[in-house]
Amino acid sequence: MPPHIAHDPDHRLWVLSGPTSSYVLHLDDEDRLRGLHWGRRLTPEQAASLLERPLPRRQFEDPTDGALALDAAGGMRYGHAAVQVRFADGVRDLELNWTAESRTDDTLVLTFADRHYPLTVEAHFKVYADTGVLERHLVLRHTGTEAADGPVTVVRADSATWTVPRLNGYRLSQVHGQWGAETQLSRTELPYGETVLSSRRGTTSHHANPWVMLDDGTATEEHGRVHSCALAWSGSWQLTVQRLPTERVTVSAGFGHAPITWQLPPGAELRTPVSAAAYTEGGFGGASRAWHRYLLDHVLPHPGELRPVLYNSWEATEFDVSVEGQSALAERAAGLGVELFVMDDGWFGSRTHDAAGLGDWTPNAERFPDGLGPLIDRVHELGMRFGLWVEPEMVNPDSDLYRAHPDWVLHHPTRRRTEHRNQLVLNLARPDVAAWMYDRLDELLTKNDIDFLKWDFNRPFTEAGWPDAESDPEALWTEHVHNLYAVIDRLRTAHPHLRIESCSSGGARLDPGILARTDQVWTSDNTDALDRLDIQHGFSQLYPARVMGAWVTDSPNPYTGRSLPLDFRFHVAMAGVLAIGGDLARWSAAELARAAELVAAYKRVRPLVQHGRQYRLSSPGDGELSAVQYLAPDGTEAAVLVTRRARRFGHADPALPLRALAPDARYRDADTGALHHGAVLLSHGLPLRLAPQDNASALFHLVRED
Ligand code: DGJ
């Protein structure tokens, strides 16, 4: 296997390669780092031949504008600058000299130093031999030693600028959303100028998600070249997609948002989060599969693990929790085959509604007179693991924690405070708050046999002040996230069996940064299976089914009032980590019996859904039929989940050709025994035979025979 990172010192080139793709860096004679190539795999010799194609020169243009992989502000470049600083004397231009290179087979660090000021910038790269996903982050360091050197103010430090090659058009894929309607996919022509996707909320947000894909406008689900990138960060962020009139396109991904800056005193450094990028040739499906593999194998903390079937009590009881009520739900859940029972909000302090108790993480003495032990024991006796809801970064003003530490919340003494959902955000950047949070959760986990935390975050930052900060108060935006990550990492080390679900009023904290330390994500508070089809379609563009929490809830749905058949609700939720969130006390015996069958069916295909390769056969936007296929990593089994909203009279269901099967193999339907030829399934599709009524659905499980 050739090295994944090859260096050609004569041409000042580095070729960073995955199995089928390369990213080529070139240092020009002014030490500017160009992104020379991002596309199919090239040898160093092939890459060097690109230098025979100089950038076109135009009057009034710096030819490197929009072509740099380390795009520092300065000179005649007027586009988005990925690295922007202000030195103590007010100078904002950077002039970087290349000073060092260090390299292994799969990592590369290129170091630059300002010609005059005490600042170095390191660009760190890492390639993954199996997936072709490439990571990059920066380290900015103030190399001065004297106070007289003055601070350096960092205005922007994008983790990476990915230079897209010249295409015959540019189409941008992204997701937008809101509470209850996260990850809505849109694909639109990329306009000239800067398209900025961002969160200014202190968290990833419902409204956008930190990734984009770019193609030339002709890619389809399974064909075509796609350039994509994502940012691993759970605070405010900004992705700037720039299309210059010269048709040069870059994507620059970084944390923070204007006008928040970072102050670097002498000796200090700023380390950015990772931005990852992938070039793929199998259409949007191929791009998604590359991201799924990367996240499953290199980002998630327990890569090989199967997520259990979960029950969550929120929609059944909301704040009205008790040992008796939860035990009754647990008994019914166990009967369905549930493996992890999660008690949601309402178990602690004076939290009998959303206006009190947040921050007081001890069991409510009236509801749990003997603590959580009896309920946890009952759940364990029933053969399930026990999970608990927490929202550690928040406080209700009506709480013992707030009364003891009113100064612990984000606030400006001169401004009114927004008490969204009757709560305030704790200033987790404060070391005392971070220490309190770790100690309190560690105590909770040590005293109780808790297997799983649902870690919620229900309101964004507002009036984000830190009046008694000893240094730069704006550091809170970054330090909140660093301390969140550190608390979770420490808890996981101290309690290795602990698994965590990331939740933020549904799916507002979904990103590769939180996925590096949690096991699954709560996708949306909207559990209506029809709405879920769109949400899950957008979710799946980057994130694998293995992290997509999906509950089957009651019908009519409590949020939308829509009635849907039990099978339909299950088949939609089976496309991720199946869970049940309905009020089981109200489910009929027939519903419970059918639910148990469907849970068992899910468990049979779960390894394929959670760890297999995903093929979106028909998307919700394509028409009435939505279908997803999952193929076992070794190709021996496939599962297909199909839903059809309505069928017009006289119209047959469309054919559903499957993907990536072996044409010469035969596949047996594990439920009906029917035998299909691979070649026929690939070209003519799976006979669906769905029931004629609206909202029909099915799960097919195919096992290779030979
Ligand atoms: C928001 C979450 O998304 C819900 O699932 C539930 O946990 C509530 N918070 C509880 O307050």
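Rules used throughout
Residues numbered from 1 in each chain as written. Predicted model: local features only at pLDDT ≥ 70, side-chain atom pairs only at ≥ 80, totals over all residues. Heavy atoms only, no water. Near = heavy atom within 4 Å. Polar contact = N/O pair within 3.5 Å; in protein donor to acceptor, adjacent residues only side chain to side chain. Areas by Shrake-Rupley, 256 points an atom, 1.4 Å probe, with all protein chains shown as cover. Nonpolar A, V, L, I, M, F, W, Y, C, P; charged D, E, K, R; others polar. Salt bridge = Lys/Arg side-chain N within 4 Å of Asp/Glu carboxyl O. Helix = DSSP H or I, 4+ residues; strand = E, 2+ residues; numbered from the N terminus. Buried < 20%, exposed > 50% of the residue type's maximum accessible area, 1.4 Å probe, protein only. Pairing = 2+ DSSP bridges. Axes fitted to C-alpha atoms, helices over the stretch in contact; angles between N-to-C directions. Domains from an automatic or database assignment. Contact = heavy atoms within 4.5 Å. Buried area = accessible area lost by both parts, 1.4 Å probe. Patch = residues over 30% accessible without salt bridge, like charges linked within 9 Å, V, L, I, M, F, W, Y side chains within 5 Å. Core = buried A, V, L, I, M, F, W, Y, C linked by side-chain atoms within 4.5 Å. Phe/Tyr/Trp six-rings, centres within 6.5 Å; stacked < 30°, edge-to-face > 60°. Lys NZ or Arg CZ within 6 Å of the ring centre and 35° of its normal. 1 Å grid on protein atoms, 1.4 Å probe; cavity = no way out; pocket = protein on both sides within 12 Å on 5 of 7 lines; lining within 4 Å. Points joined across faces, edges and corners; volume = space filled by probe spheres on them.

*Asks:* Looking at this structure, how should I read the site of the ligand?
*Replies:* For the ligand, the set of nearby residues contains 14 residues, the closest of which are D344, D345, K454, D456 and D525. One nitrogen or oxygen atom from the side chain of R421 is found 2.9 Å from an oxygen atom belonging to the ligand. A distance of 3.5 Å is found between an oxygen atom of the ligand and a side-chain nitrogen or oxygen belonging to W522. For the ligand, the protein covers 98% of the area, taking 290 Å² as the surface of the free molecule. Here the residues of the shell around the ligand are counted per class, giving five nonpolar, three polar and six charged.

*Asks:* Which parts of the structure should I look at to understand the pattern of salt bridges?
*Replies:* Pairing is possible between side chains that carry opposite charge, provided their charged atoms lie close to one another. Following the criterion strictly, the structure yields 48 salt bridges and no others. Among the salt bridges present, the one from R141 reaches E122, with a minimum N-O distance of 2.8 Å. Taken as a pair, R141 in strand β9 (residues 134-142) and E122 in strand β8 (residues 119-127) lie far apart in primary sequence, 19 residues in all. With relative accessibility at 24%, the residue R141 sits in the partly exposed group. Where R243 meets E189, a salt bridge forms, and the shortest distance between an N and an O atom there is 3.6 Å. Taken together, the residues R243 in strand β16 (residues 237-243) and E189 in strand β12 (residues 181-189) connect sequence positions 54 residues apart. In this structure E189 comes out as exposed when scored by relative accessible area, which is 60%. Through salt bridges with shared partners, a single network forms among D28, R32, D62, D71 and R77.

*Asks:* Would you explain the sheet that holds strand β4 (residues 33-40) in this entry?
*Replies:* Pairing between the strands of a sheet is mediated by backbone hydrogen bonds and can be parallel or antiparallel. Read from one edge of the open sheet, four strands run β1-β2-β3-β4, paired in antiparallel fashion. One side of each edge strand has no neighbouring strand; the edge strands of this open sheet are β1 (5-8) and β4. Each adjacent strand pair in this sheet contributes to an overall mean axis angle of 15 degrees, direction not counted.

*Asks:* It is not clear to me how helix α11 (residues 566-573) should be interpreted in this structure. Could you clarify?
*Replies:* For an α-helix the count is 3.6 residues per turn, leaving residues at separations of three or four pointing the same way. When you tally the buried positions in α11, you get seven out of eight residues, the bulk of the element. Within the span of α11, buried status applies to L566, F568, R569, F570, H571, V572 and A573.

*Asks:* Help me understand the domain arrangement of the chain, please; the structure alone is not making it clear to me.
*Replies:* Along its sequence, the chain is organised into domain 1 (66-298), domain 2 (310-610) and domain 3 (617-704). Placing the centre of domain 1 and that of domain 2 at their C-alpha centroids yields a distance of 31 Å. Counting residues at the interface gives 40 residues for domain 1 and 39 residues for domain 2. Taken together, both faces of the contact between domain 1 and domain 2 bury some 3100 Å²; the carbon and sulfur share is 61%. Of all residues in domain 1, W233, S234 and L295 bury the most surface against domain 2, accounting for 17% of the area lost on that side. Connecting domain 1 to domain 2 are zero salt bridges. Linking domain 1 with domain 2 are 21 residue pairs in polar contact (both at pLDDT 80 or more), by the criterion used here. Contributions of two or more residues to the side of domain 1 that touches domain 2 are made by β12, β14 (211-215), β15 (226-231), β18 (262-264) and α2 (283-299). Of the residues assigned to the side of domain 1 that touches domain 2, the class counts are 19 nonpolar, 17 polar and four charged.

*Asks:* Any chance you could explain a nonpolar patch on the surface here in plain terms?
*Replies:* Residues F60, M76 and Y78 make up a contiguous nonpolar surface patch of about 410 Å² in total accessible area. Position of M76 relative to the elements: it lies in the loop between α1 (44-49) and β5 (83-86). Given a relative accessible area of 38%, M76 falls into the partly exposed group.

*Asks:* Sorry if this is basic, but what is going on with the nonpolar core here?
*Replies:* Nonpolar side chains tend toward joint burial in soluble globular proteins. The biggest cluster of nonpolar side chains holds 176 residues, and the ones touching the most others in it are L25, W347 and F570. Per-element tally for this core: the top contributor is helix α12 (residues 589-611), with nine residues. By size, the runner-up hydrophobic cluster in this structure holds 22 residues, among which are Y615, V640, A665 and A696.

*Asks:* Help me out: how do you make sense of the sheet that holds strand β33 (residues 637-644) in this one?
*Replies:* An order of β31-β32-β33-β36-β34-β35 is seen for the six strands of this open sheet, with the pairing classed as antiparallel. The open sheet has two edge strands, β31 (613-618) and β35 (675-677), and neither has a second partner. Pairwise comparison of adjacent strand axes, ignoring direction, gives a mean angle of 25 degrees for this sheet. Judged from the seven bridges that link them, strand β32 (residues 625-631) and β33 form a sheet pairing that is antiparallel. Pairing of S626 across the sheet is with T643, part of β33. The sheet contacts of α11 involve β33 and β36 (696-704), and relative to β36 the element is tilted by about 50 degrees.

*Asks:* Please clarify how the packing of aromatic side chains should be interpreted in this entry.
*Replies:* Describing an aromatic ring pair means giving the distance of the ring centres and the angle of the ring planes. Within the structure shown, the criterion is met by 22 aromatic pairs. Aromatic side chains W38 and W162 sit 6.0 Å apart centroid to centroid with 40 degrees between the ring planes, which places their arrangement in the tilted category. Within this pair, whereas W38 is found in strand β4, its partner W162 is found in strand β10 (residues 152-164), the two being separated by 124 residues in sequence. W162 matches W38 in its accessibility class, with the two residues each being buried. Judged by centre distance (6.0 Å) and plane angle (75 degrees), the rings of W179 and Y559 are edge-to-face. Here the residue W179 occupies a position in the loop between β11 (171-178) and β12, and Y559 occupies one in the loop between β29 (548-552) and α11, the gap between them amounting to 380 residues. Taking the relative accessible area as the measure of exposure, W179 reaches 45% and is therefore partly exposed. Above the face of the Y192 ring, R243 is positioned so that its terminal group lies 4.3 Å from the ring centre. Positioned over the ring face of Y485 is R517, at 3.9 Å from the centre of the ring.

*Asks:* Honestly, the layout of surface pockets in this entry has me stumped. Any pointers?
*Replies:* Taken as a whole, the largest pocket encloses approximately 730 Å³ of empty space. If you go around the largest pocket, you meet 28 residues; those closest to its centre are R34, L36, V164, P165 and R166. Element by element, the count of residues in the lining of the largest pocket is highest for β4, at seven residues. Tallied by class, the residues present in the lining of the largest pocket amount to twelve nonpolar, seven polar and nine charged.

*Asks:* I keep staring at empty space enclosed by the protein and nothing clicks. Help me out?
*Replies:* To find the voids left in a structure, one rolls a probe of water-molecule size over its atoms. For the structure on display, the rule yields ten cavities of 30 Å³ or more. Size it by volume and the largest cavity reaches roughly 250 Å³. What lines the largest cavity is a set of 23 residues, among which L533, Q536, H537, A575 and V628 lie closest to the centre. When contributions to the lining of the largest cavity are tallied by element, the ones reaching two or more residues are α10 (529-539), α11, β31, β32 and β33. In the lining of the largest cavity, the residues fall into 13 nonpolar, nine polar and one charged. When residues are assigned to domains, the lining of the largest cavity turns out to be shared by domain 2 (310-610) and domain 3 (617-704), each giving three or more. As for the second largest cavity, its lining consists of 15 residues, of which L16, S21, Y23, G132 and L134 are closest to the centre. Broken down by secondary-structure element, the contributors of at least two residues to the lining of the second largest cavity are β2 (13-17), β3 (21-27) and β20 (275-280). Tallied by class, residues from the lining of the second largest cavity come to ten nonpolar, five polar and no charged.

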